[in-house]
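Close look at the chain arrangement
Residues per chain, in single letters:
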Amino acid sequence: MYIKEIKSKIDSKTIHYVIQFNKEDLQTNERKNIISPENFLQLSIMKFPLGKTFKAHKHIYKDFSSEIIAQESWIVLKGQAKAIFYDIDGSFLQEEILNTLDCSITLQGGHNYEILEHDTIIYEYKTGPYLGIEKDKESI
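Quick summary incoming for the structure in this document. (Residues numbered from 1 in each chain as written. Predicted model: local features only at pLDDT ≥ 70, side-chain atom pairs only at ≥ 80, totals over all residues. Heavy atoms only, no water.)

1. Brief notes about the packing of aromatic side chains
Let me state the cut-off plainly: Any two of the Phe, Tyr and Trp rings considered here, Trp counted by its six-membered ring, make a pair once their centres fall within 6.5 Å; the pair's planes then place it as stacked at under 30 degrees, edge-to-face at over 60, or tilted in between. The helix count covers DSSP runs of H or I at least four residues long, the strand count covers runs of E at least two residues long, and both are numbered beginning at the N terminus. Throughout this description, buried means an accessible area under 20% of the type-specific maximum (1.4 Å probe, protein chains only), exposed means over 50%, and partly exposed covers the range between.
Considering all chains together, one arrives at three aromatic pairs under this definition. Between Trp 74 and Tyr 113, the aromatic rings sit 3.7 Å apart at their centres with planes inclined by 5°, giving stacked as the arrangement. Taken together, the residues span a long stretch of sequence, with Trp 74 in strand 5 (residues 72-78) and Tyr 113 in strand 9 (residues 110-115) at a distance of 39 residues. According to the relative accessible area criterion, Tyr 113 is buried, its value standing at 13%. Taken together, a centroid distance of 6.2 Å and an interplanar angle of 80° make the contact between Tyr 86 and Phe 92 edge-to-face.

So this is what it looks like as C-alpha coordinates:
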(Lines give C-alpha, C1' and ligand atoms only; values in the text may rest on other atoms or scores of the structure.)
Protein backbone atom coordinates (compact mmCIF):
# COMPACT_ATOMS: atom_id res chain seq x y z
CA MET A 1 0.00 0.00 0.00
CA TYR A 2 1.25 3.44 -0.87
CA ILE A 3 0.36 6.15 1.65
CA LYS A 4 1.18 9.72 0.70
CA GLU A 5 0.92 12.42 3.34
CA ILE A 6 0.32 15.93 2.00
CA LYS A 7 1.46 18.57 4.46
CA SER A 8 0.40 22.18 4.87
CA LYS A 9 3.03 24.68 3.72
CA ILE A 10 1.78 26.97 6.48
CA ASP A 11 2.15 24.85 9.61
CA SER A 12 3.61 21.55 8.23
CA LYS A 13 0.74 19.43 9.64
CA THR A 14 -0.54 16.55 7.49
CA ILE A 15 -3.85 17.82 6.08
CA HIS A 16 -4.50 15.33 3.23
CA TYR A 17 -3.72 11.67 2.56
CA VAL A 18 -3.76 9.64 -0.64
CA ILE A 19 -3.86 5.88 -0.15
CA GLN A 20 -3.24 3.69 -3.17
CA PHE A 21 -4.15 0.02 -2.95
CA ASN A 22 -1.95 -2.65 -4.53
CA LYS A 23 -1.98 -6.44 -4.90
CA GLU A 24 0.44 -6.91 -2.00
CA ASP A 25 -2.29 -5.58 0.31
CA LEU A 26 -4.21 -8.80 -0.37
CA GLN A 27 -1.37 -10.87 1.11
CA THR A 28 -1.51 -9.53 4.66
CA ASN A 29 -3.89 -10.71 7.39
CA GLU A 30 -3.46 -7.78 9.72
CA ARG A 31 -5.09 -4.47 10.51
CA LYS A 32 -3.20 -1.39 9.38
CA ASN A 33 -4.21 1.94 10.92
CA ILE A 34 -3.63 4.74 8.43
CA ILE A 35 -4.87 7.89 10.18
CA SER A 36 -3.51 8.91 13.57
CA PRO A 37 -5.97 8.60 16.48
CA GLU A 38 -6.24 12.33 17.31
CA ASN A 39 -8.26 12.99 14.12
CA PHE A 40 -12.05 12.78 14.02
CA LEU A 41 -11.96 10.74 10.80
CA GLN A 42 -10.22 7.39 11.18
CA LEU A 43 -9.16 4.88 8.53
CA SER A 44 -7.81 1.34 8.73
CA ILE A 45 -7.45 -1.37 6.14
CA MET A 46 -8.25 -4.90 7.27
CA LYS A 47 -8.28 -8.33 5.64
CA PHE A 48 -9.99 -11.18 7.48
CA PRO A 49 -10.19 -14.95 7.09
CA LEU A 50 -13.50 -16.76 6.73
CA GLY A 51 -15.33 -17.06 10.06
CA LYS A 52 -13.57 -14.16 11.79
CA THR A 53 -15.89 -12.51 14.29
CA PHE A 54 -15.70 -9.69 16.79
CA LYS A 55 -17.06 -8.94 20.23
CA ALA A 56 -20.43 -7.20 19.88
CA HIS A 57 -20.17 -3.53 20.78
CA LYS A 58 -21.58 -0.06 20.30
CA HIS A 59 -19.81 3.26 20.11
CA ILE A 60 -20.32 5.93 22.73
CA TYR A 61 -20.53 9.72 22.54
CA LYS A 62 -17.34 11.54 23.43
CA ASP A 63 -16.80 14.97 24.95
CA PHE A 64 -14.51 17.07 22.76
CA SER A 65 -12.59 20.05 24.02
CA SER A 66 -11.42 21.19 20.59
CA GLU A 67 -13.26 22.77 17.70
CA ILE A 68 -14.85 20.27 15.31
CA ILE A 69 -14.27 20.50 11.54
CA ALA A 70 -15.78 18.28 8.87
CA GLN A 71 -13.24 15.74 7.62
CA GLU A 72 -13.89 13.83 4.40
CA SER A 73 -12.75 10.76 2.51
CA TRP A 74 -13.39 9.54 -1.04
CA ILE A 75 -12.92 5.89 -1.99
CA VAL A 76 -12.97 5.06 -5.70
CA LEU A 77 -14.94 1.85 -6.17
CA LYS A 78 -14.78 1.96 -9.97
CA GLY A 79 -13.17 4.35 -12.42
CA GLN A 80 -10.82 7.25 -11.92
CA ALA A 81 -10.88 10.74 -10.39
CA LYS A 82 -8.39 13.56 -9.99
CA ALA A 83 -8.12 14.96 -6.46
CA ILE A 84 -7.03 18.60 -6.24
CA PHE A 85 -5.75 19.59 -2.79
CA TYR A 86 -5.50 23.06 -1.21
CA ASP A 87 -3.71 24.30 1.88
CA ILE A 88 -5.47 25.67 4.97
CA ASP A 89 -5.29 29.19 3.49
CA GLY A 90 -6.87 28.04 0.19
CA SER A 91 -3.65 28.04 -1.83
CA PHE A 92 -3.09 25.15 -4.27
CA LEU A 93 -0.94 22.25 -2.98
CA GLN A 94 -1.05 19.44 -5.55
CA GLU A 95 -3.12 17.02 -7.63
CA GLU A 96 -3.30 13.22 -7.36
CA ILE A 97 -4.97 10.63 -9.61
CA LEU A 98 -7.21 8.18 -7.73
CA ASN A 99 -7.83 4.81 -9.39
CA THR A 100 -10.12 1.93 -8.43
CA LEU A 101 -9.67 1.12 -4.68
CA ASP A 102 -7.63 4.28 -4.04
CA CYS A 103 -8.67 6.68 -1.29
CA SER A 104 -8.20 10.35 -0.42
CA ILE A 105 -8.66 11.86 3.01
CA THR A 106 -8.96 15.54 3.86
CA LEU A 107 -8.43 16.42 7.53
CA GLN A 108 -8.03 20.18 6.94
CA GLY A 109 -7.53 22.44 3.94
CA GLY A 110 -9.61 22.28 0.79
CA HIS A 111 -10.21 19.89 -2.05
CA ASN A 112 -11.93 19.46 -5.37
CA TYR A 113 -12.43 16.40 -7.56
CA GLU A 114 -12.63 15.89 -11.32
CA ILE A 115 -14.10 12.62 -12.60
CA LEU A 116 -11.84 11.16 -15.31
CA GLU A 117 -13.82 8.08 -16.41
CA HIS A 118 -17.47 7.64 -17.36
CA ASP A 119 -19.60 5.96 -14.66
CA THR A 120 -16.99 6.39 -11.93
CA ILE A 121 -18.41 5.22 -8.59
CA ILE A 122 -17.23 6.81 -5.32
CA TYR A 123 -17.95 6.25 -1.63
CA GLU A 124 -17.76 9.52 0.30
CA TYR A 125 -17.33 9.44 4.07
CA LYS A 126 -17.35 12.54 6.24
CA THR A 127 -17.90 13.53 9.79
CA GLY A 128 -21.23 14.99 10.77
CA PRO A 129 -23.62 16.26 11.67
CA TYR A 130 -24.36 18.03 8.38
CA LEU A 131 -26.09 21.33 9.11
CA GLY A 132 -26.42 22.61 5.53
CA ILE A 133 -23.99 23.95 2.97
CA GLU A 134 -23.74 27.42 4.55
CA LYS A 135 -22.55 25.93 7.85
CA ASP A 136 -20.34 23.26 6.27
CA LYS A 137 -18.46 24.75 3.32
CA GLU A 138 -16.53 27.83 2.26
CA SER A 139 -15.65 28.25 -1.42
CA ILE A 140 -12.02 28.64 -2.46
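2. A closer look at the sheet that holds strand 7 (residues 92-99)
The criterion, for reference: Two strands are said to pair when DSSP picks up at least two bridges between them. Helix axes use the C-alpha atoms of the stretch in contact, all axes being lines fitted to C-alpha atoms, and the angles between their N-to-C directions lie in the range 0 to 180 degrees.
Taken together, the three strands give an open sheet; going across it, the order is 7-6-9, and neighbouring strands pair in antiparallel fashion. Of all the strands in the sheet, just strand 7 and strand 9 have a single pairing partner and so form its edges. Neighbour-to-neighbour, the strand axes of the sheet open up by a mean angle of 20°, direction not taken into account. In the sheet, strand 6 (residues 80-86) pairs with strand 7 via seven bridges, with the strands oriented antiparallel. Bridging across to strand 7, Gln 80 finds its partner in Asn 99.

3. Side note on the pattern of salt bridges
Filter applied, for reference: What makes a salt bridge here is a side-chain nitrogen of Lys or Arg within 4 Å of a carboxyl oxygen of Asp or Glu, nothing more.
Taken as a whole and judged by the stated rule, the model has five salt bridges. Lys 82 is paired through a salt bridge with Glu 95; the nearest N and O atoms lie 3.8 Å apart. In this pair, Lys 82 is assigned in strand 6 and Glu 95 in strand 7, connecting sequence segments 13 residues apart. Its relative accessible area of 43% is what places Glu 95 among the partly exposed residues.

4. A word on unusual backbone geometry
Even without being a glycine, Ser 12 presents a positive backbone phi close to 60°. Of note, Ser 12 is situated in the loop between strand 1 (2-7) and strand 2 (14-20). Of note, the phi angle at Leu 101 is positive, near 75°, even though the residue is not glycine. Tracing the chain through its elements places Leu 101 in the loop between strand 7 and strand 8 (103-106).

5. Points about the side chain of Thr 120
What counts is decided by this rule: By the criterion applied in these results, polar contacts are pairs of N or O atoms within 3.5 Å in which, for protein atoms, one can donate a hydrogen and the other can accept it, and in which residues neighboring in sequence qualify only through two side-chain atoms. Contacts are assigned to residue pairs with any non-hydrogen atoms lying within 4.5 Å of each other.
Mapping Thr 120 onto the fold places it in the loop between strand 9 and strand 10 (121-126). Of the polar contacts made by the side chain of Thr 120, one reaches the backbone nitrogen of Gln 80; its length is 3.3 Å. Not counting residues up to four positions away in its chain, the partners in contact with Thr 120 are Val 76, Lys 78, Gly 79, Gln 80 and Ile 115.

6. A short note on the sheet that holds strand 2
Taken in spatial order, the five strands of this open sheet run 1-2-8-5-10, and their pairing is antiparallel. Each edge of the sheet is formed by a strand with only one pairing partner; in this case those strands are strand 1 and strand 10. Each strand axis lies, on average, 15° off the axis of its neighbour in the sheet, ignoring direction. The pairing of strand 1 with strand 2 spans six bridges and is antiparallel. For Lys 4, the partnering residue across the bridge sits in strand 2 and is Val 18.

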